[in-house]
Each structure stands twice: as C-alpha cells, then as structure tokens.
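# Summary of the model geometry
Letter by letter, the chains look like this.
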Amino acid sequence: MAVPHLLTRFTPFVLKNPGRGRAERGGPADRGHPAYGRLGAMADGSWYDADIDHVIISEAQIREKTAELAKQISADYAHVEDGLLLVCVLKGAVMFMADFARALGRQGPPAELEFMAVSSYGQGTTSSGVVRILKDLDRDIAGRHVVVVEDIVDSGLTLSWLLRYLESRSAASVEVVALFRKPDAVKVQVPVKYVGFDIPTEFVVGYGLDFGERYRELPYVGVLKPEVYARA
Ligand SMILES: O=P(O)(O)OC[C@H]1O[C@H](OP(=O)(O)OP(=O)(O)O)[C@H](O)[C@@H]1O
Ligand code: HPA
C-alpha cells in the first residue's frame, strides 16, 4: 500500500456560527424567509450558515491545500506523455475537481476530465455499504494514468469498490487524491496517495458534501447543528 505523501493532521479550527448575526434566521427549510432565493442575499456567504454549528476547514485552507496537492501531483506526473486522466467521483467531488483541475492546469501536465457518479449514502449519514454506479465513464481508460479525484474517504467502501472497478479496466496506473479523510472511520484500508486533511469522525457538509442533497455549495466544510437533523 502506498504511503500518503501529504498527511496533514487535523488542525483545530473552529468558527462558531459563521453566519454571525444571521444565526437567528431560517436555514434552507425556511423557504418563507423574504431573502430566500434572492441572489443578493448570497453575496457574503450562504443562508445555510445559519444551520452550521462550527466550521472545520475554512475556504482559505481548502484553497491553499488544493494548490499544494496540485503542485505535488504535477511534479509526480511531469514525465507522463499523454497527460493525466482525472476521474471525478460525483456528486461530492465536483467542487474539488473544478478547483483542483484549474490548479493543476497552471503547472501541467495536461489533463482530461472524466466523471463517474456513484452513491452509497442515499439520504442518510452512514454508508449503506452498497455502491451503485449512477453514471459510468464515457471513455476507455486502458493504458492511461488515472488520478481519482475524491472529496472524502470516510469508511473507504466507495473508494475500495471504485479502485477495483478502475483497475479491472487496465489503466496504466491509478492513484487517488482525496481532499478529506476520516482516519478513525475507515473500515476498508484503501491506498490514498494524496490526502488533503485528516478530519474528525463527524458528519460534515459543504464544499460538495451534502446532507439530503443540501449544503454542497458551502465554500467551507462544517458540522450541522443538531436541530437540523431533528427537522429532517
Ligand atoms: O468512504 P465512504 O464511506 O464510502 O464515503 C465516501 C463517499 O461518500 C460520498 O458520496 P455519496 O455516496 O454520499 O454520494 P454523493 O457524492 O453523490 O453525495 C462521498 O462523496 C464519497 O464518494
Ligand atoms: O461526512 C460526510 N458528509 C457528507 N457526505 C459524506 N459521505 C461520506 N462521509 C460524508
């Protein structure tokens, strides 16, 4: 198993109620709120801030780490002649893929972007253990150097299944870049070569990560207030 290059232990970074004065306002469930849906209301953050108990990884930390990961992967694959094939695992990794691909694009090698959609969480906060392909690759990956772009490794079940699937399709190499990992939650050991942040075993939302399909658009990653689950 490959040893992770970028092991960054979780740095305590807690911002209580990022929405500050807006905490008393309604969250996404509060569709009756006069500001709901108004573009201007989203300008300084998100109305979802009101549902966030604390921030775990800030927008600036994500930006910095993404650049760092891109730099490292760029150096490791500098020799690859036909470029990289980045495989984004939708939906969660969509934000990371967009930012990571652009950061890599500043340095090379050239990359092609592929998307797969798989799901194992459904509407809940624990993995069902059953990985379903909702969208397969659009092209043959035989002989290509593939980097799987994942948002989070939690139990490891999704990635372990996905790596077996990709390896069966004869790629020249397959490595993984995951922005977040919960080291204490891992049930299946998976070789993740590039890791952004190790985070605590808590259900988190934001930067692509959802609860019931919401909160993906938050620019940071945080933990929901308990009452959000109660009203779900
Ligand atoms: O390590 P695991 O416990 O398998 O969890 C990780 C996976 O879970 C999430 O996807 P999810 O199934 O929720 O689908 P989504 O990306 O569409 O939200 C996340 O985006 C990862 O792909
Ligand atoms: O903590 C999480 N949040 C959202 N989606 C997830 N999928 C795996 N772990 C998580």
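Basis of the calculations
- Residues numbered from 1 in each chain as written.
- Chains lettered and ligands numbered in written order.
- Predicted model: local features only at pLDDT ≥ 70, side-chain atom pairs only at ≥ 80, totals over all residues.
- Heavy atoms only, no water.
- Helix = DSSP H or I, 4+ residues; strand = E, 2+ residues; numbered from the N terminus.
- Buried < 20%, exposed > 50% of the residue type's maximum accessible area, 1.4 Å probe, protein only.
- Areas by Shrake-Rupley, 256 points an atom, 1.4 Å probe, with all protein chains shown as cover.
- Salt bridge = Lys/Arg side-chain N within 4 Å of Asp/Glu carboxyl O.
- Pairing = 2+ DSSP bridges.
- Right-handed = clockwise from strand over helix to strand, strands pointing away.
- pLDDT = per-residue confidence, 0-100.
- Contact = heavy atoms within 4.5 Å.
- Phe/Tyr/Trp six-rings, centres within 6.5 Å; stacked < 30°, edge-to-face > 60°.

## Notes on the overall build of the protein
Along the protein, the regular secondary structure elements total four helices and nine strands. When the helices and strands of the protein are placed in sequence order, the string is β-β-α-β-α-β-β-β-α-β-β-β-α. With 232 residues in all, the protein has 51% of them scored as buried. Counting every atom, the protein has about 11,000 Å² of accessible surface; 54% of that belongs to carbon and sulfur.

## Things to note about the pattern of salt bridges
Taken as a whole, this structure holds 14 salt bridges when the rule is applied. The salt bridge involving Arg144 is made with Glu112; its shortest N-O contact spans 3.0 Å. Within this pair, whereas Arg144 is found in the loop between β5 (132-135) and β6 (145-153), its partner Glu112 is found in strand β4 (residues 111-119), the two being separated by 32 residues in sequence. Note on Arg144: relative accessible area 11%, which makes it buried. Across the salt bridge formed by Asp210 and Arg216, the nearest N and O atoms sit 3.5 Å from each other.

## Observations concerning the pairing of β4
With seven bridges joining them, strand β3 (residues 84-90) and β4 adopt parallel strand pairing. By the bridge assignment, Val87 is partnered in β4 with Glu114. Once the chain exits β3 it traverses helix α2 (residues 94-105) before rejoining the sheet at β4, and the crossover so formed is right-handed. Relative to β5, β4 runs antiparallel, the two being bridged by three bridges. When the sheet's bridge partners are listed, Val118 is paired in β5 with Ile133.

## What about the confidence of the model for the protein?
Looking at the protein as a whole, the pLDDT averages 82, with 78% of positions reaching at least 70. Per-residue pLDDT stays below 50 along residues 1-44; that stretch engages in 83 contacts with residues further than four places along the chain or on separate chains. Scoring the predicted complex yields pTM 0.82 and, for the interface, ipTM 0.98.

## Some details on the packing of aromatic side chains
Overall, the coordinates contain five aromatic pairs when judged by the stated rule. When the centroid spacing of 5.9 Å and the interplanar angle of 25° are considered together, the rings of Phe180 and Phe197 count as stacked. With Phe180 in strand β7 (residues 173-181) and Phe197 in strand β8 (residues 194-198), this residue pair connects regions lying 17 residues apart in the sequence. Phe197 matches Phe180 in its accessibility class, with the two residues each being buried. Here the aromatic rings of Phe203 and Phe211 are separated by 6.2 Å at their centres, their planes lie at 80°, and the arrangement is edge-to-face.

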